Amino acid sequence: MPVDHHADLDRKFVEVTNLVAVALGGAAVQVKELHDTARETADLTHETRRTHSKLYGALDDIRSNRREKTPRPGFFNR
């Protein structure tokens, strides 16, 4: 956008305004990337929970309904 030289604008403030506009544009791009990454992470978390439930849900049901306490998986690996 051309600067109107007849408006008596201080060049310093015009430059600072342009720099802020460019910085805000860059920040917007980074915020979108952050949002996309957060969404992907949330989706992967939900997928992992579903997979874990599918693989170990029955085992958890068995362990939860027993009176006797049993060691948790990996207890004997120490």
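It should be noted that the structure appears before, not after, this text.
As the structure is a computational prediction, the values presented were derived from the model and not from experiment. Here the residue index of a chain counts from 1 through its sequence in written order. Where totals are concerned, whole chains, interfaces and linings use all residues; where local detail is concerned, this predicted model gives features only for residues with pLDDT of at least 70, and gives and counts side-chain atom pairs only at 80 or more. Side-chain descriptors were evaluated using all non-hydrogen atoms of the structure, hydrogens and water having been removed beforehand.

## Description of the overall build of the protein
Helix and strand content of the protein: one helix and zero strands. For each residue, the accessible area found with a 1.4 Å probe, counting protein chains only, is set against the maximum for its type, and the residue is called buried under 20%, exposed over 50%, and partly exposed in between. Counting over 78 residues, the protein shows a buried share of 3%. Accessible surface, the protein as shown: approximately 7900 Å² in total, 58% of it carbon and sulfur. A helix here means a DSSP run of H or I that spans at least four residues, while a strand means a run of E at least two residues long, and both kinds are numbered starting from the N terminus. To measure how exposed things are, a 1.4 Å probe is used in the Shrake-Rupley method; for residues, cover is taken only from the protein chains shown.

## Focus: the layout of surface pockets
Regions of empty space are outlined by a rolling probe, equal in size to a water molecule, passed over the atoms. For the largest pocket, the calculated volume is near 300 Å³. Computed over the protein atoms alone on a 1 Å grid, cavities are sets of points where a 1.4 Å probe fits but cannot get out and pockets are open sets with protein on both sides within 12 Å along at least five of seven lines; a residue lines them when it has an atom within 4 Å of a point. Lining the largest pocket are 14 residues, and of these Leu 59, Asp 60, Arg 63, Ser 64 and Arg 72 sit closest to its centre. Residues are sorted three ways: Asp, Glu, Lys and Arg are charged, Ala, Val, Leu, Ile, Met, Phe, Trp, Tyr, Cys and Pro are nonpolar, and all the rest, Gly among them, are polar. When grouped by side-chain class, the residues that make up the lining of the largest pocket number three nonpolar, five polar and six charged. Grid points are joined across faces, edges and corners, and a volume is the space filled by probe spheres set on the points.

## Quick word on the pattern of salt bridges
We count a salt bridge whenever a side-chain nitrogen from Lys or Arg sits within 4 Å of a carboxyl oxygen from Asp or Glu. For the structure on display, the rule yields two salt bridges. For Glu 15, the salt bridge is made with Arg 11, and the minimal N-O distance between the two is 3.3 Å. Separated by four residues within a single helix, Glu 15 and Arg 11 lie in helix α1 (residues 11–64), roughly one turn from each other. Judged by its relative accessible area of 59%, Arg 11 is exposed. For Asp 36, the salt bridge identified is with Lys 32, shortest N-O distance 2.9 Å. Taken together, the residues Asp 36 and Lys 32, both in helix α1 and four residues apart, mark about one turn of the helix.

## Describing the environment of Asp 10
Residue placement: Asp 10 occurs in the segment before α1. Distance and chemistry together define a polar contact, namely a pair of N or O atoms within 3.5 Å, with one atom able to donate a hydrogen and the other to accept it when in protein, and with adjacent residues in sequence counting only for side-chain atoms on both sides. Separated by 3.1 Å, the side chain of Asp 10 and the backbone nitrogen of Lys 12 make a polar contact.

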